[in-house]
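Next come the chains, spelled out residue by residue.
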There are 2 protein chains.
Amino acid sequence: MEGKEISQAVIGRLPRYFRYLGELKDEGIERVSSQELSAIMKVTASQIRQDFNNFGGFGQQGYGYNVEFLYWEIGKILGLDHRHNLIIIGAGNLGQALANYVNFERRGFVFRGIFDQNPRLHGQRIRELTVQPMERMEQFVRENDIDIAVLTVPKTEAEPLAQRLVGYGIRGIWNFAHVDLNVPERVQVENVHLSDSLMKLSYNINRYQQL
Amino acid sequence: MEGKEISQAVIGRLPRYFRYLGELKDEGIERVSSQELSAIMKVTASQIRQDFNNFGGFGQQGYGYNVEFLYWEIGKILGLDHRHNLIIIGAGNLGQALANYVNFERRGFVFRGIFDQNPRLHGQRIRELTVQPMERMEQFVRENDIDIAVLTVPKTEAEPLAQRLVGYGIRGIWNFAHVDLNVPERVQVENVHLSDSLMKLSYNINRYQQL
């Protein structure tokens, strides 16, 4: 890991490795070869070895990788060995859907608060969270060691909100607003642009018909 | 377009070009150079030209691209010049959030129906849609020329559902279930694996701290 820059393409594949290894682990499988992983994941074995070599290779022996070891190592690389405290900003349908996902918590991503500017939503409960007014956000972020903010707000509100959150010392933004955010390099942004994804699907459907 | 294979990375960037060009168009800007686009979009100008060359280059002159022309051309490539009929399967929070997004409709993606296996949700209204039982899905898909199915169901239900939908003649699946689907080549799948995206964010936060 020291100083070596790893491409976002490789990083984008790590969660998928983690997911498949978790399934193998749950099935009680102890070892897996890159060929076997390749067959399950539909990635070439050489791609797998190449990806893993970015992290020292994880000591594959002749008989393959140790599943549990590999699972935990990739988990550590993904930062899943420590807890992340999240807040959601925007308590609409999408914000509520995310707040209700228990699986995130199993991976160490804990929703600590949810905020909205609509007074009618204030006080509403979503699991163990209560929708709070935006005015409480700063204090809440500082007092609860919040490192990730989830933005499920309209596109026009996202940029000023991001700037405020950066000022509060947030380290990552999971952005569902349909806009690219301008934040300092120290703040990481991961976009989930749903329309972009839908357009990509549309392209592929269209393209297939023309073949 | 004829027969030339364009990489998914290029295709993944097209919606973003489309989005920025739409904004320029709405601002009444008529021409834009690759340098100007580069500055707004934070992609190199040579990347932009390279991407556009996959589609014949869109006739950049010395003074840049015609914004409106480029916007519509990219829209056509993305298949946005004709309407897509969608159904949502899974009327939980996420399914409802998607059904409530009016912006998709503006791009020609029209939600025609929403289905759930939970009888308590049947009959519930979400905008102009009514939650229907799964048993009605086949007939509905065939009668309403549905080409895209949106899966917001638990991971264990996604694969059998995908198989059924393939049988009904669906052409694309927008998959929010946290599993990779096995479908024939003629059916296009676009995954939105939210946990994967969150783990990628976690990696980047973790990585930045170690620099």
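Here the structure is shown first, and the text comes after it.
Here is what the cut-offs are and how they apply
- Residues numbered from 1 in each chain as written.
- Chains lettered and ligands numbered in written order.
- Predicted model: local features only at pLDDT ≥ 70, side-chain atom pairs only at ≥ 80, totals over all residues.
- Heavy atoms only, no water.
- Salt bridge = Lys/Arg side-chain N within 4 Å of Asp/Glu carboxyl O.
- Buried < 20%, exposed > 50% of the residue type's maximum accessible area, 1.4 Å probe, protein only.
- Helix = DSSP H or I, 4+ residues; strand = E, 2+ residues; numbered from the N terminus.
- Contact = heavy atoms within 4.5 Å.
- Polar contact = N/O pair within 3.5 Å; in protein donor to acceptor, adjacent residues only side chain to side chain.
- Least-squares fit on C-alpha atoms with pLDDT ≥ 70 in both.

Engineer: What exactly am I supposed to notice about the pattern of salt bridges here?
Structural biologist: Where charged atoms from two side chains of opposite charge come close, those side chains can pair. Per the counting criterion, the structure on display carries 22 salt bridges over all chains. Glu128 of chain A serves as the salt-bridge partner of Arg127 of chain A, at 3.8 Å between the closest nitrogen and oxygen. On the basis of relative accessibility, which here comes to 28%, the residue Arg127 of chain A falls in the partly exposed class. Given the relative accessible area of 52%, Glu128 of chain A is considered exposed. The shortest N-O distance in the salt bridge between Lys25 of chain B and Asp26 of chain B comes to 3.8 Å. For Lys25 of chain B, a relative accessible area of 22% gives the class partly exposed. Here Asp26 of chain B falls in the exposed class, since its relative accessible area comes to 64%.

Engineer: Before we go on, may I ask you to explain the environment of His122 of chain A in this structure?
Structural biologist: All names here are of chain A. With respect to the helices and strands, the residue His122 is situated in the loop between β4 (109-116) and β5 (125-126). For His122 and Met134, which are 12 residues apart along the polypeptide, the C-alpha to C-alpha distance reads 9.7 Å. With near-sequence residues (within four places) excluded, His122 lies in contact with Asp116, Gln117, Val131, Gln132 and Pro133. At 2.7 Å, the side chain of His122 and the backbone oxygen of Asp116 are in polar contact.

Engineer: Is there a simple way to explain the relation of the copies chain A and chain B in this structure?
Structural biologist: Each copy of the chain is related to the other by a rotation around an axis and a translation along that axis. Aligned on chain B, chain A shows an RMSD of 0.0 Å; the corresponding rotation is 180 degrees and the shift along the axis is 0.0 Å. Taken together, the rotation angle and the small translation identify this as a two-fold axis. Here 100% of the interface residues in chain A have copies in chain B that are interface residues too; the copies meet face to matching face.

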